[in-house]
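Chain by chain, the residues run as shown.
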Amino acid sequence: MSDPVSPRVHPTERYRRNLGAESPRRQTGTRYIPRTVASVTGQDRQHARAVIRCHATFYTAQGGPMPVPDPDQRWNMTTSARDLDVLTADLTRWLASKVDADMPPEITSLTKPAGGMSNTTLLFDAEWTANGKPASGAFVARIAPEDSSFPVFEKYDLATQYAVISGVAVATEVPLPELCWLENDETVLGAPFFVMRRTNGRVPIDNPPYVFHGWIFDATVAERAAMTRNIVEVIGAVHAIVDPDEKFPMLAGEGSALRRHFEANRAWYQWALADGGIRIPLLERAFDHLEANWPAETGENVLNWGDARPGNIIFDGFDPVAVLDWEMAAIGPRELDIAWLIHFHRFFQDIATRFGQPGLPDYLRRSEVEKLYRECTGHTLLDMDWHLTYAALFNGICMARIKRRAIHFGEDTAPDDPDDYVLHRPMLEALLDNTYDWD
């Protein structure tokens, strides 16, 4: 049997670009400008204390906890109660039915990476013999969350995720992890799961965020510019899939795709927060604002990756080699993905600057991303102010649910002002008031 660990990596030459003259690297002596809360005054100080008190254990939905304001501190939070020894035994028995082995395989290593709350991720290595010859594999398993884990999303459809990744692999040359098996039988590990081959490379860190330090922070301006283009080209390739309703019928539906997307998020807000007695005026104001300013035209519908951001890509250097996390995939206007990409970086950047850190002001700038997308695809993005506000609303629901989750596990306390459930409250308020400065 051939070694299943070797990842299938699609050619990435289409994502490579001449970097041109490199800009000087950042001066390491100016990487951090530490500031305590005491050095922040007025309303900023009040909000800073609220951020630290209410969101010190903040998690991104897929990426893990984010410390505020210490850029070197990791925060931990309850994500799953699954026992690794039990998982190893159960997974070993299951794997024996999947590989062509002379004897039952042995799982030699199993770890659960920190972070990630929309699912449980396991990394495991296995060895066995096939026809007398040694074989091995390095794998990643993604398991739907237990109900007891207070999940971020109401539904977690692994079968749909698996089908979307499979469909994108057939229709494009977007680099993806190689899928191995989908298991819908909940009795195996307590929930459905699927297994992929592990892809080697590096991933932008969310814990602490890459705007504080790390390999993106240490890259040159030219390298980050090339990385931005590569990410935009990946998104453009996904959007270029023809007839997405036919290829991904599990994501299709009647009527306006944007309206379906919007109403699904309104229902998510109701389930995640309002049904539990937590109504957040800022988020409800955002829903009303977006409804009152609904786009006059939405353009053609495309397949959206959904969670389009650097932290969901494995890179070789600055080239994508695996695009991950498709649980938010949806059919709708192309602006959904691009707005999320821009918003999520600016979300990190605003936190860095609020606490006196330089961040990465040159990276994933709105004007540059929109220009690159037009160059790569030939499409001009529509109503981006609306879509960026919508992205901020979506992230607001996410942050508030995560905050509520931390409170549930006794890891945080409820804020006095319900709008402080939203970590990026100043951004969303400015977007609604049309005063947010993207430049």
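Scroll up to find the structure.
Treat the numbers as computed from the prediction; the structure is a model and nothing was measured.

> Describe the overall build of the protein chain, with residues and values.
A tally of helices and strands in the protein chain yields 12 helices and 11 strands. The 439 residues of the protein chain split such that 56% are buried. Across the protein chain, every contact between residues at least 6 apart in sequence was considered, and the portion connecting residues at least 24 apart equals 74%. Carbon and sulfur atoms form 49% of the exposed surface of the protein chain, whose accessible area is close to 18,200 Å².

> Give a detailed account of the nonpolar core, specifying residues and quantitative values.
A general trend in soluble globular proteins is that nonpolar side chains are found buried together. Phe124, Val168, Val195, Leu273, Ile280, Leu283 and Trp326 are the most contacted members of the largest nonpolar core, which totals 122 residues. The element that contributes the greatest number of residues to this core is helix 11 (residues 384-408), accounting for 13 residues.

> Mind laying out the pairing of strand 5 (residues 133-143), listing which residues take part and the relevant values?
Counting buried positions along strand 5 yields 8 of 11 residues, so the element is predominantly enclosed. What sits between strand 4 (residues 120-130) and strand 5 in their antiparallel hairpin is a turn of 2 residues, with Asn131 showing a positive phi close to 55°.

> Can you lay out the sheet that holds strand 5 for me, pointing to particular residues and giving the numbers?
The 5 strands are arranged 3-4-5-7-6 in an open sheet whose pairing can be described as antiparallel. With one partner strand each, in any of the chains shown, strand 3 (106-111) and strand 6 (179-183) form the two edges of the open sheet. Within the sheet, the average angular offset between the axes of one strand and its neighbour, ignoring direction, is 25°. As paired strands, strand 4 and strand 5 are joined by 11 bridges and run antiparallel to one another. Within the sheet, the bridge partner assigned to Trp128 lies in strand 5 and is Ala135. Contacts between helix 2 (residues 84-95) and the sheet are confined to strand 3, strand 4, strand 5, strand 6 and strand 7 (193-197), with strand 3 contributing the most and set at about 140° to the helix. Helix 3 (residues 158-171) contacts strand 5, strand 6 and strand 7 of the sheet and is inclined by roughly 155° relative to strand 6.

> Explain the layout of surface pockets to me, and be specific about the residues and the numbers.
Approximately 1,100 Å³ is the volume found for the largest pocket. The wall of the largest pocket is formed by 34 residues, among which Ala264, Glu327, Met328, Ala329 and Ala330 lie closest to the centre. Of all the secondary-structure elements, those providing two or more residues to the lining of the largest pocket are helix 3, helix 7 (257-272), strand 11 (330-333), helix 9 (335-354) and helix 11. In terms of residues, the lining of the largest pocket owes the most to one element, helix 7, which gives 7 residues. Partitioned by chemical class, the residues of the lining of the largest pocket number 21 nonpolar, 7 polar and 6 charged.

> Tell me what's going on with the packing of aromatic side chains, and back it up with residues and numbers.
Scanning the model with the defined rule gives 25 aromatic pairs in all. Relative to Tyr390, the ring of Trp386 has its centre 5.3 Å away and its plane inclined at 50°; by these criteria the two rings are tilted. Here Tyr390 and Trp386 lie together in helix 11, a separation of 4 residues that amounts to about one turn. Looking at Trp386, the relative accessible area reads 7%, which means it is buried. Of the residues examined, Tyr390 reaches a relative accessible area of 3% and is grouped as buried. By way of ring pairs, the aromatic residues Phe153, Tyr210, Trp268, Trp340, Phe344, Phe347, Phe348, Tyr363 and Phe394 are connected into one cluster. Across from the ring centre of Phe318, 4.9 Å away, lies the NZ or CZ of Arg202, which sits over that ring. Just above the ring of Phe344 sits the side chain of Arg309; from NZ or CZ to the centre is 4.5 Å.

Rules behind the numbers
- Residues numbered from 1 in each chain as written.
- Predicted model: local features only at pLDDT ≥ 70, side-chain atom pairs only at ≥ 80, totals over all residues.
- Heavy atoms only, no water.
- Helix = DSSP H or I, 4+ residues; strand = E, 2+ residues; numbered from the N terminus.
- Buried < 20%, exposed > 50% of the residue type's maximum accessible area, 1.4 Å probe, protein only.
- Contact = heavy atoms within 4.5 Å.
- Areas by Shrake-Rupley, 256 points an atom, 1.4 Å probe, with all protein chains shown as cover.
- Core = buried A, V, L, I, M, F, W, Y, C linked by side-chain atoms within 4.5 Å.
- Pairing = 2+ DSSP bridges.
- Axes fitted to C-alpha atoms, helices over the stretch in contact; angles between N-to-C directions.
- 1 Å grid on protein atoms, 1.4 Å probe; cavity = no way out; pocket = protein on both sides within 12 Å on 5 of 7 lines; lining within 4 Å.
- Points joined across faces, edges and corners; volume = space filled by probe spheres on them.
- Nonpolar A, V, L, I, M, F, W, Y, C, P; charged D, E, K, R; others polar.
- Phe/Tyr/Trp six-rings, centres within 6.5 Å; stacked < 30°, edge-to-face > 60°.
- Lys NZ or Arg CZ within 6 Å of the ring centre and 35° of its normal.

Note that every value here comes from positions in space, so none of it alone points to a role or purpose.
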